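Residue-level structural notes
This is what each chain is made of:
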Amino acid sequence: MTDTLLSSASREVALGFERPFVVIGERINPTGRKLLAAEMKAGNFARVETDAAAQVAAGAHMLDVNAGIPLADEPGILAEAIRRVQAVTDVPLSIDSSVVEALEAGLAVYQGKPLLNSVTGEEEVLERVLPLVKRHACAVVAISNDETGISEDIDVRFAVAKKIVERAADYGIPATDVVVDPLVMPVGAINNAGRQAMKLIGRLRRELKVNTTCGASNISFGLPNRNGLNAAFLTMAAGAGMTSAITNPLHAEVMAAVRGADVMLGHDPDCRRWMEAYREQAPVVVGRERRRGSRRRARA
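We now turn to the structure provided with this report.

Definitions and limits used
Position numbers for residues start from 1 in each chain and track the written sequence from start to end. A pLDDT threshold of at least 70 governs which residues receive local features in this predicted model, and a stricter bar of 80 or more applies before side-chain atom pairs are shown or counted, although totals over entire chains, interfaces and linings include all residues. Just so you know, side-chain values use all the structure's heavy atoms and leave hydrogens and water out. Per-residue accessibility, obtained with a 1.4 Å probe over protein chains only, is compared with the maximum for each type, and a residue is labelled buried under 20%, exposed over 50%, and partly exposed between these values. Each helix corresponds to a stretch of at least 4 residues labelled H or I by DSSP, and each strand to a stretch of at least 2 residues labelled E; elements are numbered beginning at the N terminus. A clockwise course of the path from the first strand over the helix to the second, judged with the strands pointing away from the viewer, identifies a crossover as right-handed. Being paired, for any two strands, means DSSP has found at least two bridges between them. Stacked, tilted and edge-to-face are the three classes assigned to paired rings of Phe, Tyr and Trp, where Trp is represented by its six-membered ring and a pair needs centres within 6.5 Å; plane angles under 30 degrees give stacked, over 60 edge-to-face, the rest tilted. By definition here, a salt bridge exists when the distance from a side-chain nitrogen of Lys or Arg to a carboxyl oxygen of Asp or Glu is within 4 Å. We call two residues contacting when some pair of their heavy atoms lies within 4.5 Å.

Because side chains alternate across strand E5 (residues 93-96), one face comprises the buried residues Leu93 and Ile95, and the other comprises Ser94 and Asp96, equally buried. For the handedness criterion, the β-α-β arrangement of strand E4 (residues 62-66), helix H3 (residues 74-88) and E5 is classed as right-handed. Direction of pairing for E5 relative to strand E6 (residues 115-119): parallel, over a ladder of three bridges. Looking at E6, one finds that Ile95 is bridged to Leu116.

Following this line, the structure appears as structure tokens:
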């Protein structure tokens, strides 16, 4: 059994080898979004609520919520952002921060079982975050770097992931509640980064039997047509065994890649979800205009 179960107050999502790929919406993150950062810092969460609703409407199964704003009250802002998001949508959330106090604040207000993003292989971080995971019975993203930084050697990154899974077990946290981020590198800087990622994802699935996630847009950093590259990566990563990714569901090609991968891997029985998303609707005549809509004819 490899399923990682996550929930809100009213909805459950499962990551698993034989499950559909899980899209975790990335938009609620002030990094690189100056207007959003300023609004969140000022206590204005209208854009957060709008972004949450738009991502779910576009097909996101979960949402990542981050409040990393310099010189701001990150714990307080993150807790309020989580309250606001859970008020407008019922999808499970990933609570995203490198600040342990912010993770604690987010967990204190969260309704359900979230994905805590994240823990690394650094001893100090393991000793502070893993007890938090155990106490709140949540799942956690294990990022494959430690005190030595991020290695370009995938064997080193695998060893760090294995260490985190084993240390989690020492705290009574099952491997099913550890979702490994193999750390996808930019292919524009490291030309074989894509091939490395596929190999590492396969090893994590076969040897550690853990679910995986990543920041999918890292692969295309610095290159043109990033959405096209992100889509290609997601399809191949799903084929290699990746079960979720933090990405932008508002890009149609990204969602098509994920849905297409589900079809090809047999995770969309009878292609039902694909047809629901892309079946062309019959034209409807409205006065002298024709538009796509219901199959019913307009009545005079």
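In this section: the packing of aromatic side chains. Under the counting rule described, the total for this entry stands at one aromatic pair. Aromatic side chains Trp274 and Tyr278 sit 4.5 Å apart centroid to centroid with 50 degrees between the ring planes, which places their arrangement in the tilted category. Separated by four residues within a single helix, Trp274 and Tyr278 lie in helix H10 (residues 272-278), roughly one turn from each other.

A separate point is the pattern of salt bridges. A complete count under the given rule lists 17 salt bridges for this structure. The salt bridge involving Arg167 is made with Glu123; its shortest N-O contact spans 2.8 Å. Taken as a pair, Arg167 in helix H6 (residues 154-170) and Glu123 in helix H5 (residues 123-136) lie far apart in primary sequence, 44 residues in all. For Arg167, a relative accessible area of 18% corresponds to the buried category. Across the pair Glu207 and Arg203 runs a salt bridge whose closest N-O atoms are separated by 3.0 Å. With Glu207 and Arg203 both in helix H7 (residues 193-208) and four residues apart, the pair spans about one turn of that helix. When its relative accessible area of 43% is taken as the criterion, Glu207 is described as partly exposed. In the salt-bridge network here, residues are joined through shared partners; they are Glu49, Glu80, Arg83 and Arg84.

Moving on, we get to the environment of Arg205. When you line up the elements, Arg205 lands in helix H7. Taking the C-alpha atoms as reference points, Arg205 and Val184, separated by 21 residues in sequence, lie 16 Å from one another. With residues near it in sequence (within four places) discarded, Arg205 still touches Phe17, Glu18, Val210 and Gly241.

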